Amino acid sequence: MSGWTWLAVALLGGAGASARFLLDALISARARGDFPLGTLAVNTSGSLLLGLLAGLSVTADALVLAGTATLGSYTTFSTWMLETQRLAEDARARVAAANVLLSLLVGVGAAALGRSIGAHV
Amino acid sequence: MSQRLVKVTSYFGERDRVARRLLADELLDIYAEQRVHASILLRATEGFGRLHHVHTDRLLSLSEDLPVVSIALHRHTEVEALLQRVLAVKRRGLITLERARVLSSDDHGELVDGRREEAAKLTVWVGRGERVGDRPAFVAICDMLHRLGLDGASVLLGVDGLRGGRRMRARFFSRNADVPLMIECVGPREPVATALTELHRVLRDPVILRERALVCKRGGRLLAQPRALTDDERRAGLSQKLTVYSPHDARHRGRPLHLEIVRRLRTSEAAGVTSLTGVWGFHGVRPPHGDRLLQIHRHVPVATVTIDSPQRIARSFQIIDELTDEHGLVTSELVPAMRALNGVESAGVLRLDETAG
């Protein structure tokens, strides 16, 4: 990878993180109830887009920039885990379990959907 | 001899800025300049204010601007000059004035033969790293208060503060031994008076405050309604403060009690609520406790505070009364002066009415 690619990874990575922060905060501030909807929305939309990229057979630098840099910093595993832990701490065991299971199911589904959309375009 | 002090408390956002500086820093600078008796900055874990924006440490994206509480204790006679400076800072949030007394070791009598109320509230400020014998001071103090039979104590960690004119900010790579922490405890007057003597014996140079609080509920039992204000007090614009001290793992119908209180008060249009999570403490007979390694539920105390007009406090108390049917120590206090700041208009004047309270 060239120096320019590294620079672009840094910039797009920052943009992905900012986009996540904006969307997550927007949804969380409006959501009722305890379920961390913001993180779910971010991870699901990220999985859909990454699936789409894979379906479109994007490769090389384009995949690094769009996939690893942008979507990699947009989606978040650590936040998903931390918020699940906080739910368990607050005695919301069912919501915590739902947060893990729902994210998994919806996430894998979104990636598969994105992939098949990409493959058929 | 006890000394009369005024407690100036500001509630605002951790990230609020004035002229590109953090508001919390700006206030502490003013406090240092005015040589206040002592000051502490506390970080809350949950809360909402006048605009009903919720901040919580439960969701990552909503935890970047948590509510903070900045408290300054100042000599009663010099409070005018301090307020002039503090109110000149244009900002949002809430500011309150309350009366307090700093108790010295010979104020045992003042506590015992006080007037009408049967309970007393003490607030002890010590350094985070201060020790009594071979144990952290706050652990030793909680054990002592528990042994004396007080109703409860909560240790709230400061993140910044002033003591004897010296700034004590908590840093990441530091022991932070001098950063202040605050222990709020409530109990019947006799044991509280004994605790005062004992505290002065074991601590080097503590700040021990007496505040006037009424115990409304203890362990699910209703003891008193928040005091109904007289017509004079209402005209003077007095406000009231309710504090619920509860264990973090206390539940109301399976949900964390302190979160239910914040949620229900929010839908009831209460002016604002701030939840402060402590690090150590006790409630009733249960021995003092804190967090353990590898736990699922937390074992720390939480203090949930709401300040409002007397009418709305009466309504909020009904909600709190319903929620604290099993757990919780609920106290009510008088707030002689309060002002909600909108960040645009000047705050005007704020003074303690000498006739009221």
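Positions within a chain are numbered from 1, following the residues in the order the chain's sequence is written. Think of it this way: whatever chain is written first is A, whatever ligand is written first is 1, and the rest follow in order. Predicted model: local features are reported for residues with pLDDT of at least 70 only, side-chain atom pairs are reported and counted for 80 or more only, and whole-chain, interface and lining totals are derived from all residues.

### Re the overall build of chain B
Helix and strand definitions follow DSSP, with helices as H or I runs of at least four residues and strands as E runs of at least two, each counted in order from the N terminus. Within chain B, the secondary structure is distributed over eight helices and 26 strands. What you see for chain B is a C-alpha radius of gyration of 19 Å, in line with the 21 Å of a compact globule of 357 residues. Each principal axis of the C-alpha distribution contributes one length, and for chain B these read about 50 × 50 × 45 Å. Here the C-beta atoms are placed from the backbone, and a residue counts as buried if at least 20 other C-beta atoms lie within 10 Å of its own, exposed if 12 or fewer do, and partly exposed otherwise. Looking at chain B as a whole, 50% of its 357 residues are labelled buried. Radius of gyration: over C-alpha atoms. The globule rule applied is 2.2 Å multiplied by the number of residues raised to the 0.38 power.

### Considering the domain arrangement of chain B
Residue and element names in this part refer to chain B. As used throughout, domain bounds are those supplied by an automatic or database domain assignment. Each assigned domain of chain B is listed here: domain 1 (1-99), domain 2 (103-211) and domain 3 (217-338). Relative to domain 3, the C-alpha centre of domain 1 lies at a distance of 20 Å. On the domain 3 side, the residues contacting the 17 residues of domain 1 number 15 residues. If you list the elements that add at least two residues to the side of domain 1 that touches domain 3, you get strand S5 (46-48), strand S7 (67-75) and strand S8 (92-102). No other element matches S8, which puts five residues into the side of domain 1 that touches domain 3. Here the residues of the side of domain 1 that touches domain 3 are counted per class, giving eight nonpolar, five polar and four charged. Contact definition: two residues whose C-beta atoms, as placed from backbone geometry, lie within 7 Å. Side-chain classes follow a simple rule in which Ala, Val, Leu, Ile, Met, Phe, Trp, Tyr, Cys and Pro form the nonpolar group, Asp, Glu, Lys and Arg form the charged group, and the remainder, Gly included, forms the polar group.

### Side note on the sheet that holds strand S25 (residues 329-335) of chain B
Residue and element names in this part refer to chain B. Two strands form a pair only when DSSP identifies at least two bridges running between them. Taken together, the eight strands give an open sheet; going across it, the order is S6-S5-S21-S24-S18-S25-S16-S17, and neighbouring strands pair in antiparallel fashion. For this open sheet the edge positions go to strand S6 (54-56) and strand S17 (221-222), each flanked by a neighbour on one side alone. In the sheet, S5 pairs with S6 via three bridges, with the strands oriented antiparallel. Among the inter-strand pairings, Gly 47 is bridged to a residue of S6, identified as His 55. To obtain each axis, a line is fitted to C-alpha atoms, and for helices this fit is confined to the stretch in contact; angles are then taken between N-to-C directions over 0 to 180 degrees. Running at roughly 20° to strand S18 (residues 239-247), helix H8 (residues 310-323) makes contact with strand S16 (213-218), S17, S18, strand S24 (301-308) and S25 of the sheet.

### Structural notes on the packing of helix H4 (residues 77-89) of chain A against helix H5 (residues 93-120) of chain A
Two packed helices can be described by the angle between their axes and the distance between those axes. Residue and element names in this part refer to chain A. At a minimum axis separation of 7 Å, H4 and H5 run at an interaxial angle of 160°. Here H4 lies roughly antiparallel to H5, going by the angle between them. You can see that H4 and H5 cross each other, and the crossing is left-handed. Contact residues: H4 offers Trp 80, Glu 83, Thr 84, Leu 87 and Ala 88, while H5 offers Ala 93, Val 95, Ala 96, Asn 99, Val 100 and Ser 103. A class-by-class count of the residues in the contact of H4 with H5 yields seven nonpolar, three polar and one charged. Roughly parallel refers to an angle under 35 degrees, roughly antiparallel to one over 145, roughly perpendicular to one between 65 and 115, and oblique to any angle outside these ranges. Less than a right angle of anticlockwise turn of the near helix away from the far helix marks a crossing as left-handed, whereas a clockwise turn marks it as right-handed.

### Overview of the packing of helix H1 (residues 3-30) of chain A against helix H3 (residues 60-74) of chain A
Residues and elements named next belong to chain A. Running from N to C, H1 and H3 cross one another at 35°; their axes reach a closest spacing of 7 Å. For the pair H1 and H3, the crossing hand works out as right-handed. Where H1 approaches H3, its residues Thr 5, Ala 8, Val 9, Leu 12, Gly 13, Ala 15, Gly 16, Ala 17, Ala 19 and Arg 20 are matched on the opposing element by Asp 61, Val 64, Leu 65, Ala 69, Thr 70, Leu 71, Gly 72, Ser 73 and Tyr 74. Among the residues making up the contact of H1 with H3, the classes are represented as eleven nonpolar, six polar and two charged.

### Some words on the interface of chain A and chain B
Frequently, the measure chosen for interface size is the accessible area that the parts lose on association. In this complex, chain A contributes 15 residues to the contact, which on the side of chain B involves 13 residues. Residue assignment for the side of chain A that touches chain B shows that the elements contributing at least two residues are H1 and H4 of chain A. Among the elements that line the side of chain A that touches chain B, the one with the most residues is H4(A), at six residues. Here the side of chain A that touches chain B is composed, by residue class, of seven nonpolar, three polar and five charged.

### Quick word on the pairing of S16(B)
Residue and element names in this part refer to chain B. Counting buried positions along S16 yields five of six residues, so the element is predominantly enclosed. Strand direction decides the pairing type here: S16 and S25, joined by five bridges, are antiparallel. Each bridged residue has a counterpart across the sheet, and for Ala 213 the counterpart in S25 is Glu 333. Examined bridge by bridge, S16 and S17 share two bridges and lie antiparallel to one another. By the bridge assignment, Lys 217 is partnered in S17 with Leu 222. Taking the residues that link successive antiparallel strands as the turn, the S16-S17 hairpin has two residues, and the phi of Gly 219 there is positive, at about 50°.

### Thoughts on unusual backbone geometry
Even without glycine at this site, Ser57(A) takes up a positive phi of about 55°. Inspection of the secondary structure assignment puts Ser57(A) in the loop between helix H2 (37-55) and H3. Backbone geometry places Glu269(B), a non-glycine residue, at a positive phi of 65°. Checked against the element boundaries, Glu269(B) lands in the loop between helix H7 (257-267) and strand S21 (273-277).

### Points about the confidence of the model for chain B
Within a predicted model, pLDDT stands for the predictor's per-residue confidence, ranging from 0 to 100. Summing up the model confidence of chain B, the mean pLDDT is 89 and the portion of residues at 70 or higher is 95%. For this predicted complex, the interface score ipTM comes out at 0.71, while the overall pTM is 0.87.

### Structural notes on H3(A)
Think of an α-helix as 3.6 residues a turn; residues three or four steps apart then line up on the same face. All names here are of chain A. In a helix, the anticipated span is given by 1.5 Å times the number of residues less one. With 15 residues, H3 ought to run about 21 Å at 1.5 Å a step, and its terminal C-alpha atoms sit 20 Å apart, in line with that. Among the residues of H3, Ala 69, Thr 70, Leu 71 and Tyr 74 are the ones counted as buried. An end-on view of H3 places all buried positions within 160° of arc, on one side of the element. Each element contacted by the buried residues of H3 is listed here: H1 and H2. By construction, the arc corresponds to the directions joining the helix axis to the C-beta atoms.

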